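Chain by chain, the residues run as shown.
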Amino acid sequence: MTTSAELLELSPVIPVVVLDDADQAVPLARALLRGGIRVIELTLRTPAALAAIERIAAEVPDIVLGAGTVTAPEHAERAAEAGAAFLVTPGTTERVLAAVEGTGLPFLPGAATASEAMRLAERGLTALKFFPAEAAGGADFLKSVAGPLPGLRFCPTGGISAETAPRYLALPNVGCVGGSWLTPKDALAAGDFDRIEALARAAAAL
């Protein structure tokens, strides 16, 4: 099993994906793999999400499959049952943290402030999601906390683009970024998986 720290090393970009149609899950995952991206965060924002996770887990075992937008204890449990290999939370409450830890899966807990990051560090959690990255201070925030919080590493997510990702990736306390630009809504709607593969290839080269 991949550890939480190792999740940050799988790819320079973790695609953050919202799917309305579970039938798109497998061709999407295969397109990302062909482009050199071997990890995916499929968000639990739509009714199709759990079915999409089940299909990818069953048919595309070579991709490391995560469930994101875990905001309630039952989300963690259902995502684990569906086959998710890791979990991601946008923020961290005690109930959600307990449920996520209870699955035994690696996870990236969300933090947006130094205090939130410190509370997670007190629990021994050192691989974190920084969300919403751009709205919460962006790369400048992460650069500022690197000195006082040297033991933490982040996957910033939220508002990051192919153009801004390199600024984050240049920071020593950033392992990867989360990005939705690899799977544009119009490309998914059109079933244009060749375009998604090309975007994945460009992201893998960052």
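An unreviewed UniProt entry lists the protein under the name 2-dehydro-3-deoxy-phosphogluconate aldolase, from Saccharothrix algeriensis. Here is the UniProt Pathway (unreviewed entry) comment for the protein, exactly as written: "Carbohydrate acid metabolism; 2-dehydro-3-deoxy-D-gluconate degradation; D-glyceraldehyde 3-phosphate and pyruvate from 2-dehydro-3-deoxy-D-gluconate: step 2/2."

**Q** Could you give me a rundown of the packing of helix H4 (residues 73–82) against helix H5 (residues 94–103), with the residues and numbers involved?
**A** Contact geometry for H4 and H5: axes closest at 8 Å, N-to-C directions at 20°. With respect to their mutual orientation, H4 and H5 come out roughly parallel. As H4 packs across H5, the resulting crossing turns out to be right-handed. Residues Pro-73, Ala-76, Glu-77 and Ala-80 of H4 pack against Arg-95, Val-96, Ala-99, Val-100 and Thr-103 of H5. In terms of residue class, the contact of H4 with H5 is made up of six nonpolar, one polar and two charged.

**Q** Just give me the short version of H4, but keep the residues and values in it.
**A** Residues spaced three or four apart along an α-helix point in a common direction, a consequence of the helix completing one turn every 3.6 residues. All buried positions along H4 are accounted for by Pro-73, Ala-76, Ala-79 and Ala-82. Tucked inside the fold, the buried residues of H4 contact helix H3 (49–59), strand S3 (64–68), strand S4 (86–88) and H5. Looking one or two residues beyond H4, the residue adopting positive phi is Gly-83, at roughly 120°.

**Q** Explain the nonpolar core to me, and be specific about the residues and the numbers.
**A** Counting residues in hydrophobic clusters, the biggest one holds 75 residues, and the most contacted among them are Leu-28, Leu-32, Ile-56 and Leu-87. For this core, the element with the highest residue contribution is helix H2 (residues 25–34), accounting for six residues. Contact partners of Ile-56, with chain neighbours within four places excluded, come to Ala-25, Val-26, Ala-29, Ile-40, Leu-42, Pro-61, Ile-63 and Leu-65.

**Q** Break down the sheet that holds strand S7 (residues 127–130) for me, with residues and values.
**A** Across the sheet, which stays open at both edges, the three strands sit in the order S6-S7-S8 with parallel pairing between neighbours. Of all the strands in the sheet, the pair left with one neighbour each is strand S6 (110–111) and strand S8 (153–156). As judged from the four bridges shared by S7 and S8, these two strands associate in the parallel manner. Across the sheet, Leu-128 pairs through a bridge with Phe-154, a residue of S8.

So, how was this worked out
Residue positions are counted from 1 within each chain, in the order its sequence is given. Where local features are concerned, this predicted model is filtered to residues with pLDDT of at least 70; where side-chain atom pairs are given and counted, the filter is 80 or more; whole-chain, interface and lining totals use all residues. Excluded from the side-chain calculation are hydrogens and water; included are all heavy atoms of the structure. UniProt positions are given in the numbering used here, feature names are shortened, and annotations may be inferred rather than shown by experiment. For helices, the fitted line uses only the C-alpha atoms of the stretch in contact; every axis is such a line through C-alpha atoms, and the angle between N-to-C directions lies from 0 to 180 degrees. Comment: elements are numbered from the N terminus, with helices defined as DSSP H or I runs of at least four residues and strands as E runs of at least two. Put simply, angles under 35 degrees are roughly parallel, angles over 145 are roughly antiparallel, angles from 65 to 115 are roughly perpendicular, and the rest are oblique. By convention the crossing between two helices is left-handed if the near helix lies anticlockwise of the far one by an angle smaller than a right angle, and right-handed if it lies clockwise. Whether two residues touch is decided by their heavy atoms; if any such pair falls within 4.5 Å, the residues are in contact. Each residue is assigned to one class: nonpolar for Ala, Val, Leu, Ile, Met, Phe, Trp, Tyr, Cys and Pro, charged for Asp, Glu, Lys and Arg, and polar for all the others, Gly among them. For the exposure calls, accessible area comes from a 1.4 Å probe over protein chains only, and a residue counts as buried if that area is under 20% of its type's maximum, exposed if over 50%, partly exposed in between. In this description, a nonpolar core means a group of buried Ala, Val, Leu, Ile, Met, Phe, Trp, Tyr and Cys residues linked to one another through side-chain atoms lying within 4.5 Å. When DSSP locates at least two bridges between a pair of strands, those strands are taken to pair.

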